[in-house]
Amino acid sequence: MMQDCGHFLRHPRQKGPLMRRDLLLLLTMLSSSIPALASDAFTPADLLKLKRIGDFAVSPDGRQIVVEVALADLLKNTRVQHLYAISASGGDPRQLTNGPTSEEAPCWGPDGKRISFSSTRDGTSQIWQIDASGGEAHRLTSISTGASQPLFSPDGKWIAFLSEVYPDLKTDAEQKARIEAEEKDPLRPRQIDHLMYRHGSSWSNGRRRHIMIMPAAGGDVRDLTPGDVDSPSRALRGRQFAFSPDSREICFARNDAADTAASTNDDLYTVDLASGTSNRITSNPASDSTPAYSPDGRSIAYVAQRRPGNEADRFELMLYDRRSKISTPAVPGFDRWIREFQIAPDGKTVYFATEDAGRRPLFAAPIGGKPKKLVDGGSITAVAVRAGEVFFRIESLCEPPEICAYSTGRKAVRRVTNMNTGVVQAFRLSPGESVTYPGSGGTGIQAWVVKPASFTPDKRYPMVVLIHGGPEGAWSDAFNWRWNAQIFANAGLVVMMPNPRGSTGFGQSLVDEINRDWGGKAYVDIMAGVEFMAKRSYVDPERIAAAGGSFGGYMVNWIAGRTDRFKALVSHAGIYSVPSFYGTTDELWFPEWEFGGAPWEKPDEYESWSPHNGAINIRTPMLLTHGEKDYRVSITEAQQLFAALQRRGVPSRLLWFPDEGHAIEKPKNQLLWLDTIISWLRKYLVES
């Protein structure tokens with residue numbers, strides 16, 4: 001950390017950084033000093049040199065952590081992720097796994113002596129196990145349908161995991177035969193009988209996600225959730241199943257709707273391990289997900305939404321009492337989203353991180369009480385509670401993710417990992433500045449501003465406005481691996497990242513104001529931010545561009561037909577024709593909620609907010625980028641817009657990735673993608 005990033009860890013009751021004396025000693029990478037010598041600009045190639053810290057798991061005694069660490073391999077155009085062990089008190093990490101393939105989802109055995117994980121090292125994803133002290137891993141599963149997300153039972157006797165099975169087949173031999181037959185079929189036809197036949201960037205091919213269980217030492221595998229339904233739901237993020245403390249049952253989330261592509265009605269079920277009998281325990285017509293048993297087993301905590309069909313409704317933490325069978329809010333009246341959480345061992349406190357005004361602080365709340373901030377500044381994710389400490393992953397706009405720990409007794413923070421020390425120190429990465437300006441109707445809109453590394457106040461710089469996706473999302477004080485603000489700032493641009501209507505972390509009412517108003521108040525909010533920044537002495541008001549992906553791409557497409565304010569535009573995976581988007585996207589509940597129904601029910605809504613109707617007005621040079629395997633926003637959206645731009649003689653380029661989905665992930669592709677965007681912006685903002 002080469003610039004003042006003291007905001008990375010802040011105590012909510014202090015005006016300055018939390019325990020400055022301790023941070024200077026323990027968090028040396030967060031130093032506020034600028035080095036005397038600076039190397040070249042931070043480029044896309046440098047971004048790929050960073051180690052990406054993924055999920056982590058803390059040992060039962062809280063003394064060790066196993067963490068996923070991914071590193072790009074440009075030669076093979078892949079990103080390989082291995083597991084590292086590190087003392088919870090810090091120190092040098094010890095690599096546990098290696099080889100040409102990745103490992104993921106580490107899980108400690110309750111005895112603290114073994115770690116299970118999934119890997120494709122033998123061709124298909126299977127569950128492997130390694131001694132916590134090191135050595136060679138050995139494979140636990142060999143099923144033809146693959147295995148992922150292992151989870152030990154609390155008594156250590158069982159391992160549960162997920163597998164993608166053909167629901168009409170009974171034995172693994174039958175599963176294997178069908179898989180081999182499909183692979184040998186030169187035509188590879190797909191017979192489709194229901195929606196949600198593809199999701200994200202992959203096809204289901206008639207297979208269903210089921211929870212399987214086997215003895216922890218190895219042995220026969222049983223399907224705990226048979227039937228022609230995904231159990232847990234395919235559309236949900238994160239781990240969606242949990243063992244009870246007595247190891248007798250598993251709770252999981254499932255959507256039983258006949259058409260899951262148009263439904264968000266996930267409910268919680270429990271399945272008895274001995275009998276295989278399952279029971280639904282929630283009946284909320286909206287989504288119930290992410291179950292976790294209380295330490296005493298009396299209740300199940302989970303995340304719920306209230307409005308059916310609205311994937312961006314407030315995520316509320318609930319407690320289901322297993323005796324009374326009644327659910328009540330665990331943090332009543334809290335107007336922020338809670339999606340990942342940890343209940344303390346005493347069962348009286350819940351810890352969680354959530355978006356709040358452009359950051360993701362760490363909160364603690366007594367069950368049924370009001371939350372308070374423990375650590376503010378930066379963005380915190382992946383919370384784990386062990387032995388009087390709360391471990392979490394934290395990052396900022398100028399610091400890649402690292403793991404830290406908060407002591408509940410001393411109320412102090414210490415750093416555990418320093419994975420990117422050498423790389424980050426070589427650059428001057430500018431911290432983010434939070435600004436607020438009046439948007440549509442005078443509503444205060446927050447935005448992040450990142451200045452060039454070589455910034456001097458007496459110079460005017462070109463500016464790029466980055467528009468986030470969602471639309472129910474937000475730019476946080478976080479080190480984004482795709483739209484990385486430092487890449488653009490080190491290319492000599494001021495970077496503005498507004499959080500307009502639809503943005504999360506500012507109350508649900510601001511989120512809801514995007515519904516059926518995609519190009520309305522949100523557009524005004526963004527353009528008001530442009531003019532707010534254009535008045536700053538260091539911004540050149542005549543050299544401004546806009547870029548964004550997903551909804552950000554939609555907004556760029558909308559902007560293109562409504563204003564000539566920008567010198568250049570970049571649209572990634574953006575919707576161009578809202579009616580055609582409906583027929584090609586994987587999750588139909590999304591457009592049906594956002595536009596009030598299907599196109600034949602609300603034709604005026606779909607037409608009025610569709611960027612394609614403004615094509616006749618487009619004059620601004622546009623770069624379009626898209627992945628062919630994007631099943632969220634079909635590449636046909638980019639094709640349609642590119643055809644219009646070319647036919648109208650607008651300077652334009654389409655960068656098409658045959659092997660990518662909604663995001664550009666592979667290292668070589670990502671390098672080309674970022675370099676192309678930077679070149680496009682520099683061409684029209686710097687060189688012209």
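In what follows, the structure referred to is the one given above.
Residues numbered from 1 in each chain as written. Predicted model: local features only at pLDDT ≥ 70, side-chain atom pairs only at ≥ 80, totals over all residues. Heavy atoms only, no water.

## Section: the packing of aromatic side chains
Under the definition given, this model contains 27 aromatic pairs. Measuring from centroid to centroid gives 6.4 Å for phenylalanine 581 and phenylalanine 590, while their planes differ by 90°, and the two rings are edge-to-face. Side by side, phenylalanine 581 and phenylalanine 590 carry an identical accessibility label, which is buried. Considering the side-chain rings of tryptophan 680 and tyrosine 684, the 5.2 Å spacing of their centres and the 55° angle between planes classify their relative orientation as tilted. Separated by 4 residues within a single helix, tryptophan 680 and tyrosine 684 lie in helix H13 (residues 667-687), roughly one turn from each other. Each member of the pair tryptophan 680 and tyrosine 684 is classed as buried. (Phe/Tyr/Trp six-rings, centres within 6.5 Å; stacked < 30°, edge-to-face > 60°. Buried < 20%, exposed > 50% of the residue type's maximum accessible area, 1.4 Å probe, protein only. Helix = DSSP H or I, 4+ residues; strand = E, 2+ residues; numbered from the N terminus.)

## Focus on the pattern of salt bridges
A complete count under the given rule lists 38 salt bridges for this structure. Here glutamate 433 and lysine 451 are joined by a salt bridge, their closest N and O atoms 3.9 Å apart. Separated by 18 residues along the polypeptide, glutamate 433 in strand E31 (residues 433-438) and lysine 451 in the loop between strand E32 (444-450) and strand E33 (461-467) bring together distant segments of the chain. A relative accessible area of 29% places glutamate 433 in the partly exposed class. (Salt bridge = Lys/Arg side-chain N within 4 Å of Asp/Glu carboxyl O.)

## Brief notes about the sheet that holds strand E9 (residues 148-152)
Strand order in the open sheet formed by 4 strands is E9-E10-E13-E14, and the pairing between neighbours is antiparallel. Here the strands that pair on one side only, and so sit at the sheet edges, are E9 and strand E14 (222-223). Of the strand pairs in this sheet, E9 and strand E10 (residues 158-165) are connected by 3 bridges, and their pairing is antiparallel. Pairing of leucine 151 across the sheet is with alanine 160, part of E10. (Pairing = 2+ DSSP bridges.)

## Structural notes on the packing of helix H7 (residues 521-534) against helix H8 (residues 551-560)
With their axes 11 Å apart at the nearest point, H7 and H8 run at an angle of 80° to one another. When the axes of H7 and H8 are compared, the pair comes out roughly perpendicular. Touching Ala522, Tyr523 and Ile526 of H7 are Met555, Trp558 and Ile559, all from H8. The class makeup of the residues in the contact of H7 with H8 is 6 nonpolar, no polar and no charged. (Axes fitted to C-alpha atoms, helices over the stretch in contact; angles between N-to-C directions. Parallel < 35°, antiparallel > 145°, perpendicular 65-115°, else oblique. Contact = heavy atoms within 4.5 Å. Nonpolar A, V, L, I, M, F, W, Y, C, P; charged D, E, K, R; others polar.)

## Thoughts on the environment of isoleucine 616
As for its placement among the helices and strands, isoleucine 616 is situated in the loop between helix H11 (603-608) and strand E37 (622-627). Looking at isoleucine 616, the relative accessible area reads 62%, which means it is exposed. Considered as a pair, isoleucine 616 and glycine 561 are 55 residues apart in the sequence and their alpha carbons are 7.1 Å apart.

## Here we look at the side chain of glutamine 305
Checked against the element boundaries, glutamine 305 lands in the loop between strand E20 (299-304) and strand E21 (316-321). With relative accessibility at 4%, the residue glutamine 305 sits in the buried group.

## Some remarks on the sheet that holds strand E22 (residues 327-329)
Strand pairs in the sheet, formed through backbone hydrogen bonds, run parallel or antiparallel to each other. Here 4 strands make up an open sheet; going across it, the order is E19-E20-E21-E22 and the pairing antiparallel. Every interior strand has two partners, whereas the edge strands, strand E19 (288-293) and E22, have only one. Here the strands of the sheet are splayed against their neighbours by 30° on average, with no regard to which way each runs. When E20 meets E21, the two strands line up antiparallel, connected through 6 bridges. Across the sheet, the residue bridging to alanine 301 is leucine 319, located in E21.

## Some remarks on the pairing of strand E35 (residues 539-549)
In terms of burial, E35 is largely enclosed, as 9 of its 11 residues are buried. Where E33 meets E35, 6 bridges bridge the pair, whose relative direction is parallel. Counterpart to valine 464 in the pairing with E35 is alanine 545. The pairing of E35 with strand E36 (residues 568-572) spans 5 bridges and is classified as parallel. Within the sheet, the bridge partner assigned to alanine 545 lies in E36 and is alanine 568. Read from E35 through H8 to E36, the crossover connection turns out right-handed. (Right-handed = clockwise from strand over helix to strand, strands pointing away.)

## Remarks on the side chain of glutamate 103
Checked against the element boundaries, glutamate 103 lands in strand E5 (residues 103-108). Among the polar contacts made by the side chain of glutamate 103, one reaches the side chain of threonine 97 at a distance of 2.6 Å. Only 2.9 Å separates the side chain of glutamate 103 from the side chain of arginine 121, close enough to count as a polar contact. In contact with glutamate 103, other than residues within four places in its own chain, are Gln81, His82, Leu83, Thr97, Asn98, Phe117, Ser118, Ser119 and Arg121. (Polar contact = N/O pair within 3.5 Å; in protein donor to acceptor, adjacent residues only side chain to side chain.)

## So, unusual backbone geometry
In this model, serine 231 is joined to proline 232 through a cis peptide bond whose omega is 10°. In this structure, proline 232 sits in the loop between E14 and strand E15 (241-243). The step from glycine 470 to proline 471 runs through a cis peptide bond, and the omega angle for that step is 10°. Along the chain, proline 471 turns up in the loop between E33 and helix H5 (485-489).

## Side note on the pairing of E37
Among the 6 residues that make up E37, 6 are buried, leaving the element largely enclosed by the rest of the structure. Taking every second residue as pointing to the same face, both faces of E37 are buried, with Met622, Leu624 and His626 on one and Leu623, Thr625 and Gly627 on the other. The pairing of E36 with E37 spans 4 bridges and is parallel. The partner of histidine 572 across the bridge, within E37, is threonine 625. Bridge analysis of E37 against strand E38 (residues 652-657) gives 6 bridges, and the strand direction is parallel.

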